[in-house]
Amino acid sequence: MNKKIILYSVIALVVLIIFFAGYVAAWMQTNNFAIENYKKAEEMLKAGKYLDALNGYQIFDTKLQKYVTYVGFTQISTMFEGHPIFGIPSIVEKAKKEVMKLIVTMPTDDLEVYFQNTVRNKNPYILYVLAELIHRSSGDSSKVSMYENIFSLLGGKTNEIAKYYDTLHKEASE
């Protein structure tokens, strides 16, 4: 009887170790993917391609004979949500800061395109984008009204717009 208990304990321990090793390997692979893509997003930012830096892009790799997809700062900033067993890598926080800086500094036309491209997706920054667009549109009451309505539709309260705007600018300047 004792031999069976020991055998089952050893089997359970081996399974646990395999599971743990797989989780560590996946975490490390995701972290490396995030770092590589962060560098690509920085290249796009330096080239003035704000939307590619935020949302990612595809390029055709002639060696591989296929399209390669790179994710942007927005996707990198959400990669480890809900999986903080080993903590959130610093690259995720750096990506969050870059998103906030870009929302504040990018041209209004690009910010509007970013909004239009991501409003239907799960974008954790959409209320910040709207707060910025509302502020930038302050001379156009119809645009302000439209953005305020969308802000409300997406779960924000109209009285929170200033809070989102202030938080955005505070985080972007850090």
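Structure report, in brief.

Procedures and definitions
- Residues numbered from 1 in each chain as written.
- Predicted model: local features only at pLDDT ≥ 70, side-chain atom pairs only at ≥ 80, totals over all residues.
- Heavy atoms only, no water.
- Helix = DSSP H or I, 4+ residues; strand = E, 2+ residues; numbered from the N terminus.
- Rg over C-alpha atoms; globule rule 2.2 N^0.38 Å.
- Buried < 20%, exposed > 50% of the residue type's maximum accessible area, 1.4 Å probe, protein only.
- Contact = heavy atoms within 4.5 Å.
- Axes fitted to C-alpha atoms, helices over the stretch in contact; angles between N-to-C directions.
- Parallel < 35°, antiparallel > 145°, perpendicular 65-115°, else oblique.
- Left-handed = near helix turned anticlockwise from the far one by under 90°.
- Core = buried A, V, L, I, M, F, W, Y, C linked by side-chain atoms within 4.5 Å.

**Some remarks on the overall build of the protein chain**
Alright, step 1. Counting secondary structure elements, the protein chain contains 8 helices and 2 strands.
Alright, step 2. Each helix and strand of the protein chain, ordered N terminal to C terminal, gives the series α-α-β-β-α-α-α-α-α-α.
Alright, step 3. Taken against the 2.2 N^0.38 rule, which gives 16 Å for 174 residues, the C-alpha radius of gyration of the protein chain at 22 Å runs more than 25% over that of a compact globule.
Alright, step 4. Taking all 174 residues of the protein chain together, 32% fall into the buried category.
Alright, step 5. Taking the contacts inside the protein chain whose residues are at least 6 apart along the sequence as the reference set, 59% of them involve residues at least 24 apart.

**Considering the packing of helix α4 (residues 90-105) against helix α6 (residues 126-136)**
Alright, step 1. Contact pair α4 / α6: the axes reach a minimum separation of 10 Å and the direction vectors enclose 20°. Here α4 is positioned roughly parallel relative to α6, judged by the angle of their axes. Seen from above, α4 lies across α6 with right-handed handedness. Residues M100, I103, V104 and T105 of α4 lie in contact with α6, whose contacting residues are Y128, V129, E132 and R136.

**Looking at the nonpolar core**
Alright, step 1. Membership of the largest hydrophobic core comes to 42 residues, with the highest contact counts inside it found for F73 and I103.
Alright, step 2. Looking at which element gives the most residues to this core, the answer is α6, with 8 residues.
Alright, step 3. Excluding residues within four positions of it along the chain, I103 makes contact with L111, Y125, Y128, V129, E132, R136 and L168.

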